[in-house]
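A look at the structure
Read off the chains here:
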Amino acid sequence: MTEQLMIDITYACNMRCLHCYNESGVDRRYIETSKLLNIAKQIAAIQPKGVCICGGETLLRYKDILLFTKKVKEVTQGNTIVNMVTNGLLLDKEKAINLKSAGIDAIQISLDGASANTYEWLRLYKGSFEIACNAIRIVVSSGIDCMVSCLFTKKNYNEFDDIIRLCLDLKVSRLRLQPLMMMGRADINLKEFQLNDTEYRNLVQKIYRINRKLKADNKKLIVEWGDPVNHLIIHKNNANIKNNSFGIDAYGNYNLSPYLPVTFGNIDEFNLKEEEERLENIWSTKFIQYIIKDIYNTDDLNLNKVNSLLPKINSDEYIDVDVNEIMKDRYTSIEQLINIFRKKRK
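Report follows, based on the coordinates. As the structure is a prediction and not an experimental result, all values here were calculated from the model.

With respect to the pattern of salt bridges
On inspection of all chains with the given rule, the structure shows 22 salt bridges. Aspartate 105 serves as the salt-bridge partner of lysine 73, at 2.7 Å between the closest nitrogen and oxygen. Taken together, the residues lysine 73 in helix α2 (residues 62-75) and aspartate 105 in the loop between α3 (93-102) and β4 (106-110) connect sequence positions 32 residues apart. In this structure aspartate 105 comes out as partly exposed when scored by relative accessible area, which is 31%. In this structure, arginine 342 engages glutamate 317 in a salt bridge whose closest nitrogen and oxygen atoms are separated by 3.3 Å. With a gap of 25 residues between them, arginine 342 in strand β12 (residues 342-344) and glutamate 317 in strand β11 (residues 317-320) connect regions that are remote in the sequence. Arginine 342 sits in the partly exposed class, given a relative accessible area of 23%. Overlapping salt bridges bring together Arg174, Arg176 and Glu224 as one network.

Details of empty space enclosed by the protein
If you walk through the whole model with that rule in mind, you get 1 cavity of 30 Å³ or more. Its volume calculated, the largest cavity comes out at about 30 Å³. Lining the largest cavity, in full, are Asp112, Thr118, Trp121, Leu122, Leu151, Thr153, Lys155 and Asn156. The biggest single contributor to the lining of the largest cavity is helix α4 (residues 116-123), with 3 residues. In terms of residue class, the lining of the largest cavity is built from 3 nonpolar, 3 polar and 2 charged.

Thoughts on the nonpolar core
With 106 residues, the main nonpolar core has Leu99 and Phe287 as its most contacted residues. With 7 residues, helix α5 (residues 128-142) is the largest single contributor of residues to this core. Once residues within four sequence positions are removed from consideration, phenylalanine 287 is found in contact with Ile319, Val321, Ile326, Tyr331, Ile334, Leu337, Ile338 and Phe341.

Observations regarding unusual backbone geometry
In this model, glycine 55 is joined to glycine 56 through a cis peptide bond whose omega is 15 degrees. Turning to its location among the elements, glycine 56 is positioned in the loop between β2 (50-54) and α2. One non-glycine residue with positive phi stands out, namely glutamine 47, at about 45 degrees. Judged by its relative accessible area of 26%, glutamine 47 is partly exposed. A positive phi angle, close to 60 degrees, is found at asparagine 218, a residue other than glycine.

Considerations on the packing of aromatic side chains
The final tally for this structure, using the stated rule, is 8 aromatic pairs. For the cation-ring pair, lysine 236 lies above tyrosine 296, with the distance from its terminal atom to the ring centre recorded as 3.4 Å. Sitting above the plane of the tyrosine 290 ring, lysine 293 keeps its charged end 5.2 Å from the centroid.

Observations concerning the layout of surface pockets
Approximately 380 Å³ is the volume found for the second largest pocket. If you go around the second largest pocket, you meet 24 residues; those closest to its centre are Tyr251, Ile313, Asn314, Ser315 and Arg345. Counting only elements with at least two residues in the lining of the second largest pocket, the list comes to β10 (262-263) and β11.

Remarks on the environment of histidine 231
Among the secondary structure elements, histidine 231 is positioned in helix α9 (residues 230-237). Through-space distance from the C-alpha of histidine 231 to that of leucine 256 is 9.8 Å; in sequence the pair is 25 residues apart. Ignoring sequence-local partners within four residues, the contact set of histidine 231 consists of Leu256, Ser257 and Tyr259. Within the local environment of histidine 231, its side chain forms a polar contact with the backbone oxygen of proline 228, the two atoms lying 3.1 Å apart.

Some details on α9
The complete set of buried residues in α9 reads Leu232, His235 and Lys236. Looking down the long axis of α9, one finds its buried residues gathered within 105 degrees of arc, a one-sided arrangement. The elements touched by buried residues of α9 are α11 (286-292).

A word on helix α14 (residues 334-341)
Taken as a whole, α14 has its buried residues at Ile334, Leu337, Ile338 and Phe341. Down the axis of α14, the sector holding all buried residues measures 105 degrees, keeping them to one side. Next to the buried residues of α14 lie α11, β11, α13 (323-328) and β12.

Quick look at the sheet that holds β10
Ordered by their spatial adjacency, 3 strands build an open sheet running β10-β11-β12, and the pairing between neighbours is mixed. Each edge of the open sheet is held by one strand with a lone partner, namely β10 and β12. Here β10 pairs with β11 via 2 bridges, running parallel. Within the sheet, the bridge partner assigned to valine 262 lies in β11 and is isoleucine 319. Relative to β12, α14 is tilted by about 20 degrees, and along the sheet it contacts β11 and β12.

About the criteria used
- Residues numbered from 1 in each chain as written.
- Predicted model: local features only at pLDDT ≥ 70, side-chain atom pairs only at ≥ 80, totals over all residues.
- Heavy atoms only, no water.
- Salt bridge = Lys/Arg side-chain N within 4 Å of Asp/Glu carboxyl O.
- Helix = DSSP H or I, 4+ residues; strand = E, 2+ residues; numbered from the N terminus.
- Buried < 20%, exposed > 50% of the residue type's maximum accessible area, 1.4 Å probe, protein only.
- 1 Å grid on protein atoms, 1.4 Å probe; cavity = no way out; pocket = protein on both sides within 12 Å on 5 of 7 lines; lining within 4 Å.
- Points joined across faces, edges and corners; volume = space filled by probe spheres on them.
- Nonpolar A, V, L, I, M, F, W, Y, C, P; charged D, E, K, R; others polar.
- Core = buried A, V, L, I, M, F, W, Y, C linked by side-chain atoms within 4.5 Å.
- Contact = heavy atoms within 4.5 Å.
- Phe/Tyr/Trp six-rings, centres within 6.5 Å; stacked < 30°, edge-to-face > 60°.
- Lys NZ or Arg CZ within 6 Å of the ring centre and 35° of its normal.
- Polar contact = N/O pair within 3.5 Å; in protein donor to acceptor, adjacent residues only side chain to side chain.
- Arc of directions from axis to C-beta.
- Pairing = 2+ DSSP bridges.
- Axes fitted to C-alpha atoms, helices over the stretch in contact; angles between N-to-C directions.

From the geometry alone we can't say anything about function, so treat these as descriptive.
In structure tokens form, the structure reads like this:
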């Protein structure tokens, strides 16, 4: 059963953040409205526990989000949770009310610092800190569950306590702290701002301690560490675990992870139920194990630096896998298959 379906509805964006792993805003590709609504109808066949609407900046397609969410709720009898991610720039009270009415269960907004100085340094958008804080207030007041993500760098490392206090003041339900991924713009702009191993360990210890304190003080905020490579390491260490999530990028290609330069066909070729079945045992194949074998932490996500056979993520090239072929595990050369599966974006 599919636990989570992630959909990048657009790669257009109204920001040019220093750390963006998929370099949103440069590539303005998006899934057409008719295809997006067809995906919503197909969700009835797989009944995922959750659907996450991602981007790019999702609210650039506000009207389509309303249509998509209503259809998902309709075909799943309201049993599928629908979440979305936004930077908050385009959010206002009317949109929040309509998103709530359509069936959006939770909205995640990024807040990468406790001050305009740190937040806007990363986001390159003057005034965006207060806009993001106000967007969080709007989400909370609308009755939608509000989650905050926070990317930690050397720039905001010492603001941990201030970020906790800010999230409590804003009445956020969950704060997800994330490491810097050296992909996309981050690999160009932020190498010297990446935390070292000791700082990451200290951060995880702080999370443990603050959760104990929040619980003792009867505070509702939950603070968690979100490791973007955890799912890859789990499947690397136990290849026989069945796949329970997949995604669709803004090109309409299916993927196991947005952090791998590998896709598995397109929405024009396979419906959701077919794809769910095709990917059920995909992690056990020698081919996929080869792709993820060098991933141990977020430093390793730029796979092209470790293995030159693999294209750089978000480049003009990608690997579109023939699932039937790799499930046979009869091929003699994985390297040869990579070259066969290699494609250029149109």
